[in-house]
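# Topology and contacts: notes
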Amino acid sequence: MPIYYFTFDAIPLAENPEKKDCAGAVVCCWVDSIDVNFALAKAKNYITNEGWEVITVEEQFIATREQYEDDPENEDALECYDEAASEGVSAIFYIWPYDD
């Protein structure tokens, strides 16, 4: 099955313990799925279960392992790709604080 890659903008849900410190996040998500719509639903469900609300989908494409293999700066992305291939979904949350 293909691994779909998504980038989302998200905000913390009210019950998220990080809400007091975090204004939002960019979430990079990899999902193993037979269909882009199933993959998108699975990614959004995963993010919600982590305590975040998806605001927008910024990017989506079918990822390949080769995209990440030869670039040391993509080590985290390669790990997430492999985790999605074995577990079904993986994500990295890049959070940002409230402005002063």
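A quick note: this is a predicted structure, and the numbers were derived from the prediction, not measured. (Residues numbered from 1 in each chain as written. Predicted model: local features only at pLDDT ≥ 70, side-chain atom pairs only at ≥ 80, totals over all residues. Heavy atoms only, no water.)

## Focus on the packing of aromatic side chains
- Applying the stated criterion across every chain, the model contains six aromatic pairs.
- Here Trp30 and Tyr68 contribute two aromatic rings whose centre-to-centre distance is 6.2 Å and whose plane-to-plane angle is 75°, an arrangement assigned as edge-to-face. One end of the pair, Trp30, is in strand 2 (residues 22–32); the other, Tyr68, is in helix 2 (residues 66–69), with 38 residues separating them in the sequence. Accessibility classification places Trp30 together with Tyr68 in one group, the buried group. (Phe/Tyr/Trp six-rings, centres within 6.5 Å; stacked < 30°, edge-to-face > 60°. Helix = DSSP H or I, 4+ residues; strand = E, 2+ residues; numbered from the N terminus. Buried < 20%, exposed > 50% of the residue type's maximum accessible area, 1.4 Å probe, protein only.)

## Here's the deal with the nonpolar core
- In this structure, Phe6, Phe8, Val27, Cys29 and Val31 are the most contacted members of the largest nonpolar core, which totals 16 residues.
- Taken together, the elements giving at least two residues each to this core come down to strand 1 (3–12), strand 2, helix 1 (36–49), strand 3 (52–63) and strand 4 (89–97).
- For this core, the element with the highest residue contribution is strand 2, accounting for five residues.
- When sequence neighbours within four positions are dropped, the list of residues in contact with Phe6 reads Val27, Cys28, Cys29, Val31, Val36, Ala39, Leu40, Ala43, Val57, Glu59 and Gln60.
- Judged by nonpolar contacts, the second largest core, of twelve residues, contains Cys28, Tyr68, Ala77 and Ile92. (Core = buried A, V, L, I, M, F, W, Y, C linked by side-chain atoms within 4.5 Å. Contact = heavy atoms within 4.5 Å.)

## Considerations on the sheet that holds strand 3
- Taken in spatial order, the four strands make up an open sheet running 3-1-2-4, and their pairing is antiparallel. Strand pairing shows two members of the sheet lacking a second neighbour, strand 3 and strand 4, which therefore form its edges. Within the sheet, the average angular offset between the axes of one strand and its neighbour, ignoring direction, is 15°.
- Pairing between strand 1 and strand 2: eight bridges, direction antiparallel. Following the sheet pairing, Ile3 is matched in strand 2 by Asp32.
- In the packing of helix 1 onto the sheet, the strands contacted are strand 1, strand 2, strand 3 and strand 4, and the crossing angle to strand 1 comes to about 35°.
- Most of the contacts of helix 3 (residues 75–87) go to strand 4, to which it runs at about 140°, and overall it touches strand 1, strand 2, strand 3 and strand 4. (Pairing = 2+ DSSP bridges. Axes fitted to C-alpha atoms, helices over the stretch in contact; angles between N-to-C directions.)

## Looking at the pattern of salt bridges
- Following the criterion strictly, the structure yields three salt bridges and no others.
- Its salt-bridge partner being Lys20, residue Asp21 comes within 3.8 Å of it at the nearest N-O pair.
- The class for Asp21 is partly exposed, based on a relative accessible area of 47%.
- Across the pair Arg65 and Glu69 runs a salt bridge whose closest N-O atoms are separated by 2.7 Å.
- Assessed through its relative accessible area of 29%, Arg65 is described here as partly exposed. (Salt bridge = Lys/Arg side-chain N within 4 Å of Asp/Glu carboxyl O.)

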